[in-house]
Amino acid sequence: VKHVRIAALLVLALAAGCQGVATDPAGTASRAALFDDLWREFDLHYSFFELKGVNWDSLGAHYRPRAVAARTDAELGAVLAQMLVELRDVHVSITPGDDGATMRYRSPFETGAIYADSRVVFSRYVPTSHTSASGHVRYGMATPTVGYLSLPNFTGSGWANEVDDAIKDLGAAESIVIDVRGNGGGNHALAPAIAGRFADRARTFGYLRRRDGPSHADFANYEAEVVEPAGDSRFNGHVYVLADRRSFSTAEDFVLAMRSLPTVTVVGDTTAGASGGPIVRELANGWTYQLSEWIEYTPTFTTFEDSGISPDVVVQVKPTDPSLGVDRALEKALMLASPR
Amino acid sequence: MKRLLAMPFAAWLCLAPVGVAAAQANGSAARENELALLAGFSRSNRLDATASPMPFAGLEHGFLVKYDRSLHDDQMLISLASSFHAGRFSPANASSPAVEHLNEGEVRAALLRHVSGPHGSRFAVGVAGTAGVSLTQHHYADPTSRVSDFVIGATTLGPEATWTAPLGAGALKIDITSPVVGLIDHPYSDSRSGSALTHLRLAGPGAYQRASGAVTYMSRERYGAGVLYTYRYERLTYGDVQPLHTSSHSFLIGVTKKLGKDSP
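1. A look at the overall build of chain A
Broken down by element type, chain A carries 12 helices and 14 strands. For the C-alpha atoms alone, the extent of chain A along its principal axes is close to 90 × 60 × 40 Å. In chain A, the share of contacts with a sequence separation of at least 24, taken over all contacts with a separation of at least 6, comes to 73%. As displayed, chain A offers around 14500 Å² of accessible surface, 51% of which is attributable to carbon and sulfur atoms. Put simply, chain A has 31 plus and 41 minus side-chain charges, and the middle of one group is 1 Å from the middle of the other.

Here it is, written out as structure tokens:
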């Protein structure tokens, strides 16, 4: 009984003590504090200040009074989004609150004319097609010897093996056209995982450098990005990768990885030039935002942020092509792939 | 994270002198080896700016295993302890569904010298060293439900003081400790595969401020075993570019068992 009393007293003491530390009586952070939090977090972690020539101090000085003067959360969110749009980075966004829509910079390539339409591909060039279990891979034979494989996005994870199934089904193909035009990116790890289905050996296809200090020039050492044989259905024939200005982020990683392989030719247009690896952060009021934390480099240590990755074979296309039922880039790839 | 460390830590501290005090209470000055096992919970607040500017609060649970050995006719005491704690934290102030899961482990060694005090009480002063690792899994409340892992490691060294006195049929012990130097690994960002970013830093009291105090009561021994009750409070501030602040109140309960006397 004595022990029970002692234990009860200690529990009560603990409970009493907890009341003093469980919550912060200061309550909701002020708008100025929220702005300062966001500005500082970008200052500490964003990777492209120097590369993009952004004067972050000036942007902070410009937008802070507007943030402080905001009358509602919606107004504050809009001011913060305006400041972040100045970075011209599709990987930067802010989601103010549970019900707020994510706001971010939209590249001109996202809002401009569409030069390739999958409906044209599958109605005219690959009339018989199959879709993988998760819907991430759509494929078929474009000619008796050329297979076609579309990867519309790299979202999600764990579906790289569906490319194995596609390669098996395209068994008659001597060459394969892989289409990542209009692919907005997704899971960074999928790019080398899928490219590995076409790799003969391990090759370094690029490098990453992450911010690791408070100065805008503080970066960790270069991390090699490697593509190596993966999967149980490796394809050893020639591969033509279709890319364009709507190939973003992980799709560009995929192009970079594939380009390092000796059996690959990139056809079409330059990619979007969105290379930053995004991380998620949050503000003291629970709002979340995303920012680029790394810079990605080609094997020759050049960046492709904003400039994109150029193709081996450039194909001039017209905005009217989809409406005319024409896909010039695919036609070019099929021509290159066809036996002479 | 430190709060967790503190908890086992505290418990351990408590135990060490408790054994001695109990021995005194029984009129014995024998050198004794003791093994103690404690479990309990703590209420903690934490703010690791590397993960989030939001303060998080939550309940942790954990256990501690400790071994004490008297040396040199009970003039010295060496104490070894190992502890593990885990907990789930929610934002303390904001209405955000963000969550943190914390796992923390620490080993500790201390060497104390006993000094006689008035009315059968005893003081002990010495030095304590700790090595601990804290793994935080932070679940962001963004549309993609992003999860990031953060690792913090710390090896510290600092003074420790205890006061033990007979109380009723048992013994009461108060202990205070505060590391004065630490080798801290507080990475700049979350940990990811392929990235081995470490930010080791030797920190003194200006940057690394950790202090804890505990009150422990040990009941009268029966069949060589006693019951321990420990309350501990601990605070930690690490003045990094992205600072770390933690505080915790812990309550531990357990048993201690004498493993034998070396000699009278």
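2. A word on the sheet that holds strand S2 (residues 103-104) of chain A
Residue and element names in this part refer to chain A. What the 4 strands build is an open sheet, ordered S2-S1-S12-S11; its pairing is antiparallel. Single-partner strands in this sheet number two, and they are S2 and strand S11 (278-282). Examined bridge by bridge, strand S1 (residues 93-95) and S2 share 2 bridges and lie antiparallel to one another. The partner of serine 93 across the bridge, within S2, is arginine 104. Helix-sheet contacts for helix H2 (residues 31-45) involve S1, S11 and strand S12 (288-292), and the interaxial angle to S12 is about 25 degrees.

3. A short note on the pairing of strand S6 (residues 147-167) of chain B
Residues and elements named next belong to chain B. Taken together, the 18 bridges between strand S5 (residues 122-139) and S6 define a ladder with antiparallel strand orientation. Each bridged residue has a counterpart across the sheet, and for alanine 124 the counterpart in S6 is threonine 162. Two strands pair when backbone bridges link them, and S6 and strand S8 (residues 181-185) are joined in this way by 5 bridges, in the antiparallel orientation. Within the sheet, the bridge partner assigned to leucine 157 lies in S8 and is valine 181. Pairing between S6 and strand S7 (residues 170-177): 8 bridges, direction antiparallel. Bridge pairing in S7 links leucine 167 to glycine 170. Here S6 folds back onto S7, and the loop between the two strands holds 2 residues, one of which, glycine 168, carries a positive phi near 60 degrees.

4. Here we look at the pattern of salt bridges
Residue and element names in this part refer to chain A. Scanning all chains against the criterion turns up 26 salt bridges over all chains. When the shortest N-O distance is used, the salt bridge between lysine 52 and aspartate 306 registers 3.2 Å. Note that lysine 52 is positioned in helix H3 (residues 49-52) and aspartate 306 in the loop between strand S13 (294-297) and strand S14 (313-314), a separation of 254 residues in sequence. Looking at lysine 52, the relative accessible area reads 18%, which means it is buried.

5. Notes on the confidence of the model for chain A
Should the pLDDT be low somewhere, the predicted coordinates at that spot are not to be read in detail. Averaged over all residues, the pLDDT of chain A equals 89, while 90% of them reach at least 70. The low-confidence segment residues 9-29 of chain A, where pLDDT is below 50, has 25 contacts with residues more than four positions distant or belonging to other chains.

6. A short note on empty space enclosed by the protein
In the structure shown here, the tally under the stated rule is 4 cavities of 30 Å³ or more. In this structure, the second largest cavity encloses a volume near 50 Å³. Taken together, Ile279, Val280, Arg281 and Glu293 of chain A together with Thr50, Tyr140, Ser148, Phe150, Ser189 and Asp190 of chain B make up the full set of residues lining the second largest cavity. Secondary structure elements with two or more residues in the lining of the second largest cavity: S11 of chain A together with S6 of chain B. For the lining of the second largest cavity, the element with the highest residue contribution is S11 of chain A, accounting for 3 residues. Classifying every residue of the lining of the second largest cavity gives 4 nonpolar, 3 polar and 3 charged.

7. A few points about the sheet that holds strand S6 (residues 175-179) of chain A
Across a sheet, strands are paired by hydrogen bonds formed along the backbone, either parallel or antiparallel in direction. All names here are of chain A. With mixed pairing, 7 strands are arranged side by side in an open sheet as S3-S4-S5-S6-S9-S10-S14. Either end of the sheet is taken by a strand with one partner, and the two such strands are strand S3 (129-131) and S14. Here S6 runs beside strand S9 (residues 238-243); their pairing, made up of 5 bridges, is parallel. Residue pairing for S9: valine 177 is matched across the bridge by tyrosine 240. The strands that helix H7 (residues 118-125) touches are S3, strand S4 (138-141) and strand S5 (146-150); relative to S5, the one it contacts most, it runs at about 155 degrees.

8. Examining helix H8 (residues 161-169) of chain A
Residues of H8 of chain A that are buried include every one of Glu162, Val163, Asp164, Ala166 and Ile167 of chain A, and no others. For H8 of chain A, the elements touching its buried residues are S4, S5 and helix H9 (190-195) of chain A.

Cut-offs applied
Residues numbered from 1 in each chain as written. Chains lettered and ligands numbered in written order. Predicted model: local features only at pLDDT ≥ 70, side-chain atom pairs only at ≥ 80, totals over all residues. Heavy atoms only, no water. Helix = DSSP H or I, 4+ residues; strand = E, 2+ residues; numbered from the N terminus. Contact = heavy atoms within 4.5 Å. Areas by Shrake-Rupley, 256 points an atom, 1.4 Å probe, with all protein chains shown as cover. Lys, Arg positive; Asp, Glu negative; His and termini not counted. Charge placed at Lys NZ, Arg CZ, Asp CG, Glu CD. Pairing = 2+ DSSP bridges. Axes fitted to C-alpha atoms, helices over the stretch in contact; angles between N-to-C directions. Salt bridge = Lys/Arg side-chain N within 4 Å of Asp/Glu carboxyl O. Buried < 20%, exposed > 50% of the residue type's maximum accessible area, 1.4 Å probe, protein only. pLDDT = per-residue confidence, 0-100. 1 Å grid on protein atoms, 1.4 Å probe; cavity = no way out; pocket = protein on both sides within 12 Å on 5 of 7 lines; lining within 4 Å. Points joined across faces, edges and corners; volume = space filled by probe spheres on them. Nonpolar A, V, L, I, M, F, W, Y, C, P; charged D, E, K, R; others polar.

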